[in-house]
Amino acid sequence: EPEVTQTPSHQVTQMGQEVILRCVPISNHLYFYWYRQILGQKVEFLVSFYNNEISEKSEIFDDQFSVERPDGSNFTLKIRSTKLEDSAMYFCASSQQGAGNSPLHFGNGTRLTVT
Amino acid sequence: GQQLNQSPQSMFIQEGEDVSMNCTSSSIFNTWLWYKQDPGEGPVLLIALYKAGELTSNGRLTAQFGITRKDSFLNISASIPSDVGIYFCAGHPSRNQFYFGTGTSLTVIP
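Quick notes on the rules
- One numbering rule holds for all chains: residues counted from 1, following each sequence as written.
- Chains and ligands are labelled sequentially in the order written, the chains with letters from A and the ligands with numbers from 1.
- Per-residue local features are limited, in this predicted model, to residues with pLDDT of at least 70; the limit for side-chain atom pairs, both in listing and counting, is 80 or more; totals at the level of whole chains, interfaces and linings are taken over all residues.
- As a convention, hydrogens and water are excluded, and side-chain values are obtained from all of the structure's heavy atoms.
- By the criteria applied, helices consist of DSSP H or I runs no shorter than four residues and strands consist of E runs no shorter than two, each listed in order from the N terminus.
- Every radius of gyration here is taken over C-alpha atoms, with the globule rule written as 2.2 Å times N^0.38, N being the number of residues.
- Buried, partly exposed and exposed residues are distinguished by accessible area as a fraction of the type maximum, computed with a 1.4 Å probe on protein chains only: under 20%, between the cut-offs, and over 50%, respectively.
- Contact between two residues is taken to exist if any of their heavy atoms lie within 4.5 Å; hydrogens are not considered.
- In short, Shrake-Rupley with a 1.4 Å probe defines the accessible areas, and a residue's cover is counted only from the protein chains shown.
- The convention is simple: Lys and Arg are positive, Asp and Glu are negative, and His and the chain ends are not counted.
- By convention, the charge on Lys lies at NZ, on Arg at CZ, on Asp at CG and on Glu at CD.
- Paired strands, as defined in this entry, are two strands with at least two bridges between them according to DSSP.
- To obtain an axis, a line is fitted to C-alpha atoms, over the contacting stretch when the element is a helix, and the angle between two such axes runs from 0 to 180 degrees between their N-to-C directions.

A. Representation of the overall build of chain A. When helices and strands are counted, chain A shows zero helices and eleven strands. Each helix and strand of chain A, ordered N terminal to C terminal, gives the series β-β-β-β-β-β-β-β-β-β-β. Against the globule reference of 13 Å for 115 residues, chain A gives a C-alpha radius of gyration of 13 Å, in line with a compact fold. When burial is assessed residue by residue, chain A has 48% of its 115 residues classed as buried. Taking all contacts inside chain A whose residues are at least 6 apart in sequence as the whole, residues at least 24 apart take part in 54%. For chain A, the exposed surface amounts to about 5,700 Å²; the carbon and sulfur share of it is 44%. When the 9 basic and 13 acidic side-chain charges of chain A are each reduced to a single mean position, those positions are 3 Å apart.

If you want it as structure tokens, here you go:
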């Protein structure tokens, strides 16, 4: 069964550094998402992306964050000037159609540790 | 963001027992999804619901989209040890995002 893949599985970075988290969504999916999960807490929406532009973003997704689909298969999340509180699991998800018509399929996440 | 409350927060049950959990929101949702998350992994889709009143099964799992569109229920029958994990509901209010519930942690005692 096709799946969403994320790399790396674990990223350790120093405070103030920039990180790029990478995702390969399911190939025939058109909608892409990033979610975040702080240890022991619920999954929080960051951003959705469709047709090469952001379609929704949460209040968490401020100027520190950006997303890009640099080619036909990758979807990236860039976090500039990381802070300690950015430490979390970051999940990429994709769906074939919009949120009201098809479910989200998640990758296994990237654990980001900011020291 | 939207508030999605799940109950119970945690459950400890004997293998073979049935399980019920629910999710309520303060506003109307158009879609409800149920996910299971194992430690260190991403959420895995269990059931998707698209219409108020809809009742859908996936093996031993059954979920319902509440008629008020503000709640959803997940039942697991005859629980087994591999049912252990955290169960999340997710709701789609509008546009292109889902909000996740607070999660129900399930422990099955063999």
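Here the narrative resumes, following the displayed structure.
B. How the structure looks around the overall build of chain B. The helix and strand tally for chain B stands at zero helices and eleven strands. Helices and strands in chain B line up, N terminus first, as β-β-β-β-β-β-β-β-β-β-β. Computed over its C-alpha atoms, the radius of gyration of chain B comes to 13 Å, within 12% of the 13 Å expected for a compact globule of 110 residues. Along the first, second and third principal axes, the C-alpha set of chain B runs to 40 × 30 × 20 Å. Taken across its 110 residues, chain B has 45% of its residues classed as buried. Pairs at least 24 residues apart make up 53% of the contacts formed inside chain B by residues separated by at least 6 positions. Just so you have it, chain B exposes about 5,000 Å², and 53% of that area is on carbon and sulfur atoms. Averaged over its 6 positive side-chain charges, chain B has a centre that lies 16 Å from the centre of its 8 negative ones.

C. Expanded view of the sheet that holds strand 1 (residues 5-7) of chain A. Residues and elements named next belong to chain A. The strand order 1-3-8-7 describes an open sheet built from four strands, whose pairing is antiparallel. Each edge of the open sheet is held by one strand with a lone partner, namely strand 1 and strand 7 (65-68). Averaged over all adjacent pairs, the angle separating strand axes in this sheet is 20 degrees, with direction ignored. Direction of pairing for strand 1 relative to strand 3 (residues 19-24): antiparallel, over a ladder of three bridges. Its bridge partner being in strand 3, Q6 is matched across the sheet by C23.

Honestly, it's all geometry; don't read function into it.
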